[in-house]
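If you want the building blocks of each chain, they are given just below.
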Amino acid sequence: MVRAFVRRTDREALRLRFGQAADFADDSTLKRFFGIKDKIGEMIWMLDEDGAVCGILHRVQISPTQAEIAVIVRSDRARRGIGRALLRTAVSRAASKDLKRLNALVLSENIVMLRLARSLGFVPRKSFGLAVELELDLGLGQTIGCSTGTASAAACAPTDLT
Ligand SMILES: CC(C)(COP(=O)(O)OP(=O)(O)OC[C@H]1O[C@@H](n2cnc3c(N)ncnc32)[C@H](O)[C@@H]1OP(=O)(O)O)[C@@H](O)C(=O)NCCC(=O)NCCS
């Protein structure tokens, strides 16, 4: 499923997500970039009407109260509200798990993601070279809704990524 997602996603989108232009041709690279260790995080994905993955959000716990998130939308499904819906779902799930803060490391050039995150309440905290660390304080009582259109979101810690 993830392999098909990568095939239909631009190299530029993958670069913006992972900070480098990796070659996703083999299973070990796919696992390294898309895999997630059980118990420290989860993967939230959205399916299109054909049941194919059209957006993926990772959440990785970095402390008992804090987690880092990163999102990518399949290029042929961009600009249809999927990124926003995944982020809203992630915020809502994080709050329900009693997390206090969510962070996202975003390349400074990634204006689309910076704007989107900001519109959901994330604020810039620090700069790391070419990237900016954004933070959302979940204690501030964001009002979160989830609008997923015809697609549906699901979360789990997958073992089979191919
Ligand atoms: C960033 C990303 C996840 C956004 O997902 P998306 O599903 O295309 O975004 P949405 O349709 O939910 O749109 C969210 C907002 O961004 C705007 N937007 C999305 N793509 C845009 C583009 N290429 N140019 C300008 N604005 C854009 C939308 O207009 C919308 O704004 P609005 O709500 O004010 O109208 C997607 O572009 C992506 O996968 N980028 C590559 C990977 C990446 O950058 N990940 C972030 C690293 S953490």
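Everything that follows concerns the structure shown earlier in this document.
This is a predicted model, so every value here is computed, not measured. (Residues numbered from 1 in each chain as written. Predicted model: local features only at pLDDT ≥ 70, side-chain atom pairs only at ≥ 80, totals over all residues. Heavy atoms only, no water.)

1. A few points about the overall build of the protein
Here is step 1 of the chain: Along the protein, the regular secondary structure elements total five helices and seven strands.
Here is step 2 of the chain: For the protein, the sequential pattern of α-helices and β-strands runs α-α-α-β-β-β-α-β-α-β-β-β.
Here is step 3 of the chain: Each of the 162 residues in the protein was classed as buried or not, and the buried ones make up 42%.
Here is step 4 of the chain: A sequence separation of at least 24 residues applies to 61% of the contacts in the protein between residues at least 6 apart. (Helix = DSSP H or I, 4+ residues; strand = E, 2+ residues; numbered from the N terminus. Buried < 20%, exposed > 50% of the residue type's maximum accessible area, 1.4 Å probe, protein only. Contact = heavy atoms within 4.5 Å.)

2. What to know about the environment of V71
Here is step 1 of the chain: Mapped onto the fold, V71 is located in strand β3 (residues 66–73).
Here is step 2 of the chain: Sequence separation between V71 and H58 is 13 residues; the distance between their C-alpha atoms is 6.4 Å.
Here is step 3 of the chain: With residues near it in sequence (within four places) discarded, V71 still touches R17, I56, L57, L86, L87 and M113.

3. Let's talk about the layout of surface pockets
Here is step 1 of the chain: What the largest pocket holds in volume is close to 1300 Å³.
Here is step 2 of the chain: As for the largest pocket, its lining consists of 42 residues, of which R17, V71, I72, N110 and M113 are closest to the centre.
Here is step 3 of the chain: Mapped onto the lining of the largest pocket, the elements with two or more residues apiece are α2 (11–18), α3 (27–34), β2 (53–63), β3, α4 (82–96), β4 (101–107) and α5 (111–119). (1 Å grid on protein atoms, 1.4 Å probe; cavity = no way out; pocket = protein on both sides within 12 Å on 5 of 7 lines; lining within 4 Å. Points joined across faces, edges and corners; volume = space filled by probe spheres on them.)

4. Let's talk about the nonpolar core
Here is step 1 of the chain: One finds L57, L87, L102 and F122 to be the most contacted residues of the largest nonpolar core, which totals 28 residues.
Here is step 2 of the chain: If one sorts the elements of this core by residue count, α4 sits on top with seven residues.
Here is step 3 of the chain: Judged by nonpolar contacts, the second largest core, of 15 residues, contains F33, M43, I56 and I72. (Core = buried A, V, L, I, M, F, W, Y, C linked by side-chain atoms within 4.5 Å.)

5. A few points about the site of the ligand
Here is step 1 of the chain: Lining the immediate environment of the ligand, one finds 18 residues, of which V71, G81, G83, R84 and N110 sit closest.
Here is step 2 of the chain: A distance of 2.8 Å separates an oxygen atom of the ligand from a polar backbone atom of R79.
Here is step 3 of the chain: When the ligand sits alone it has 920 Å² of accessible area, and the protein chains cover 72% of it.
Here is step 4 of the chain: The cavity where the ligand resides is the largest pocket.
Here is step 5 of the chain: Counting only elements with at least two residues in the shell around the ligand, the list comes to α2, β3, α4 and α5.
Here is step 6 of the chain: A total of four residues in the shell around the ligand trace back to one element, the largest contributor, which is β3.
Here is step 7 of the chain: In terms of residue class, the shell around the ligand is built from eleven nonpolar, three polar and four charged. (Near = heavy atom within 4 Å. Polar contact = N/O pair within 3.5 Å; in protein donor to acceptor, adjacent residues only side chain to side chain. Areas by Shrake-Rupley, 256 points an atom, 1.4 Å probe, with all protein chains shown as cover. Sits in = over half its atoms within 2 Å of the grid points. Nonpolar A, V, L, I, M, F, W, Y, C, P; charged D, E, K, R; others polar.)

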